[in-house]
Amino acid sequence: MEEKSPKVILSYFLSFLKWSAVGVGIGAVVGLVGVGFSYVMGFVTDLRGRLPLLMLGLPLCGIAIVFLYHRAGVRNSRGTNLVLLSVRSEEPLPFRMAPLIFVGTALTHLFGGSAGREGAALQLGGSIAQNLGKLCKMNKKELHVVTMAGMSACFTALFGTPLTATVFAMEVVSVGAMYYSALVPCATASLTAYALSALCGLTPERFSIVGIPEFRLLSALQTGALSALCALVSILFCVVLKWTARAYDKLFHNAYAKAAAGGAMVLALSFLFYLLTDSFSFNGAGMDVIAEAMAGKALPYAFLIKILFTALTLEAGFKGGEIVPTFYIGSTFGCTAGKLLGLHPSFSASVGLLSLFCGVTNCPLTSIVLGWELFGGKGLLWYLVGAAVSYMLSGYYGLYSQQKILYSKELPEFIDATCK
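Source: prediction; values computed, not measured.

A. Structural context of the side chain of S219. Within the element layout of this structure, S219 appears in helix 9 (residues 217-251). Residue classification places S219 among the buried residues on the basis of a relative accessible area of 12%. Ignoring sequence-local partners within four residues, the contact set of S219 consists of P213, E214 and W382.

B. View of the sheet that holds strand 1 (residues 174-175). Judged by pairing direction, the sheet is mixed, and its three strands sit side by side in the order 1-2-3 without closing on themselves. The two strands at the open ends of the sheet, each matched to only one other strand, are strand 1 and strand 3 (414-418). Bridge analysis of strand 2 (residues 404-407) against strand 3 gives three bridges, and the strand direction is antiparallel. Bridge pairing in strand 3 links Y407 to F414.

C. Region of interest: helix 7 (residues 162-171). Within helix 7, nine of the 10 residues are buried, which leaves it mostly tucked inside the rest of the structure. On its buried face, helix 7 is in contact with helix 5 (118-135), helix 6 (140-159), strand 1, helix 8 (183-199), helix 14 (345-361) and helix 15 (364-375).

D. Seen up close, the nonpolar core. If you look at the biggest cluster of nonpolar residues, it comprises 107 residues, and the most contacted ones within it are M151, L353 and F375. When residues in this core are grouped by element, the largest group, 11 residues, is from helix 6. Those residues within four positions of M151 in sequence are excluded, and the remaining contacts are V83, L84, V87, L122, G125, G126, A169 and V172. By size, the runner-up hydrophobic cluster in this structure holds eight residues, among which are V175, C358, A387 and Y396.

E. Structural view of the packing of helix 5 against helix 6. Orientation of helix 5 relative to helix 6, taken along the N-to-C sense of each, is 140°, at an axis distance of 7 Å. Here helix 5 is positioned oblique relative to helix 6, judged by the angle of their axes. Note that helix 5 runs across helix 6; the crossing there is right-handed. Counting all contacts with helix 5, which are made through E118, A121, L122, L124, G125, G126, A129, Q130, G133 and K134, the residues of helix 6 involved are L143, V146, T147, G150, M151, C154, F155, L158 and F159. For the contact of helix 5 with helix 6, the per-class residue count stands at 11 nonpolar, six polar and two charged.

F. Structural view of the environment of L299. By the element assignment, L299 lies in the loop between helix 11 (287-294) and helix 12 (302-314). Judged by its relative accessible area of 35%, L299 falls in the partly exposed class. L299 sits 83 residues away from R216 along the chain, and the two C-alpha atoms are 29 Å apart. Those residues in contact with L299 that lie beyond four places of it in its chain are T277, F282 and T336.

G. Spatial organisation of the packing of aromatic side chains. On inspection of all chains with the given rule, the structure shows 18 aromatic pairs. Their ring planes at 65° and their centres at 6.1 Å tell us that F273 and F309 sit as a pair that is edge-to-face. Taken as a pair, F273 in helix 10 (residues 255-277) and F309 in helix 12 lie far apart in primary sequence, 36 residues in all. You'll find F273 and F309 in the same group, each marked buried. A cation sits over an aromatic face here: K319 above Y69, 4.5 Å from the ring centre.

H. Structural detail: the pattern of salt bridges. Using the criterion set out here, one finds five salt bridges in the structure. For E205, the salt bridge is made with R117, and the minimal N-O distance between the two is 3.6 Å. Of this pair, E205 sits in the loop between helix 8 and helix 9 while R117 sits in the loop between helix 4 (97-110) and helix 5; the two residues are 88 residues apart in sequence, bridging distant segments of the chain. Measuring nitrogen to oxygen at the nearest pair gives 3.3 Å for the salt bridge that ties D249 to K258.

I. Highlighting unusual backbone geometry. You will see that D278, though not glycine, has its phi angle at about 65°, which is positive. Looking at the element boundaries, D278 is found in the loop between helix 10 and helix 11. What makes D278 exposed here is its relative accessible area of 58%.

J. Representation of a nonpolar patch on the surface. A contiguous nonpolar surface patch, about 490 Å² in accessible area, is contributed by L10, F13, L14, F16 and L17. Looking at the secondary structure, you find F13 in helix 1 (residues 6-50).

K. Representation of the packing of helix 14 against helix 16 (residues 380-393) within the structure. Where helix 14 meets helix 16, the closest approach of the two axes is 8 Å, and the angle between their N-to-C directions is 40°. When you trace helix 14 past helix 16, the crossing you get is right-handed. Across the interface between the two elements, F347, S350, V351, L354, S355, C358 and G359 from helix 14 touch W382, Y383, G386, A387, S390 and Y391 from helix 16. In the contact of helix 14 with helix 16, the residues fall into eight nonpolar, five polar and no charged.

The rules we used
Residues numbered from 1 in each chain as written. Predicted model: local features only at pLDDT ≥ 70, side-chain atom pairs only at ≥ 80, totals over all residues. Heavy atoms only, no water. Helix = DSSP H or I, 4+ residues; strand = E, 2+ residues; numbered from the N terminus. Buried < 20%, exposed > 50% of the residue type's maximum accessible area, 1.4 Å probe, protein only. Contact = heavy atoms within 4.5 Å. Pairing = 2+ DSSP bridges. Core = buried A, V, L, I, M, F, W, Y, C linked by side-chain atoms within 4.5 Å. Axes fitted to C-alpha atoms, helices over the stretch in contact; angles between N-to-C directions. Parallel < 35°, antiparallel > 145°, perpendicular 65-115°, else oblique. Left-handed = near helix turned anticlockwise from the far one by under 90°. Nonpolar A, V, L, I, M, F, W, Y, C, P; charged D, E, K, R; others polar. Phe/Tyr/Trp six-rings, centres within 6.5 Å; stacked < 30°, edge-to-face > 60°. Lys NZ or Arg CZ within 6 Å of the ring centre and 35° of its normal. Salt bridge = Lys/Arg side-chain N within 4 Å of Asp/Glu carboxyl O. Patch = residues over 30% accessible without salt bridge, like charges linked within 9 Å, V, L, I, M, F, W, Y side chains within 5 Å. Areas by Shrake-Rupley, 256 points an atom, 1.4 Å probe, with all protein chains shown as cover.

Below, the structure written as structure tokens:
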């Protein structure tokens, strides 16, 4: 290797200092916004739990969200897809995305829509960070990097998973090509946001898992079979979301009518299943259901009903994200299917969560790191099995239509495709 001159080495060091400072700055600003958003989400979730009749306002909530977006000049909200597109193109992220997704997600959860939080985190973080970069006169390529740093920071503030957030921001945009140039700013932004969230009293998401088997052939076959089934469920989830979107567009040519009808359907189903289960466990994010699955308890059909609720909510125009519902679907399915395969339901719930996450995001490295942060290192080899099996068997389906699949999942071959 050619010897580097002191001037070149100095330029590396100055670049490191620059991007470290940028990451800390983005982590501080976006992290504080993420902390505020996390508290708001906790408040509206608790309020809905105390006043479940708030869900009667879900159709009006959908109309209000559409109105807010239209008043802001957003007729076709591309959500997280716009963030992914912005990282690899010159597509701008308007600053108005931040308050819109903040308010829209809070309203969706307050009135009982089935949605997550990560879509809001990625859009909030990406939008704020990119516009901060524009204020600092950064060039187009630098804006791509700060957008990923903002995604990492807000994701960390909400979930308390800095390693996962760092890897996810670099891996999710283009499958097969990691954006390592963003490692330093993403890592510093994530760690800064993590420190701020801890100072503000937020508790990271963590779960205790029992029943982790020894690494033997039978256990490997059982875990591999569960992961393969999760890959099929991940395809089902993606297909149902797309079918629901097409059905809405075919039936409703007016965005207000679509949102109201979607809210009315979710509302009707909510009270129907309340009569059957004596709970509104399919509304909101469902973190309590995920925790129960990790303890080995889940309704056998819960994953199917959550798929339906989430599709009806998000494709009608409500806001949030698909990842926490993915955790719900994966953990409840894993808990149920794992028992049938001879695995402990707590352990199989964790494998199900990670395998389904990998299947819908096409991010195997993120999935493995997520397993370590959520569940600890004892089951790490099994999370590797789950990610590997689900990544290949889920094919080219995914939650984000703007996610690029650069390389084939079967051969070292450049294909440059988009998710189905």
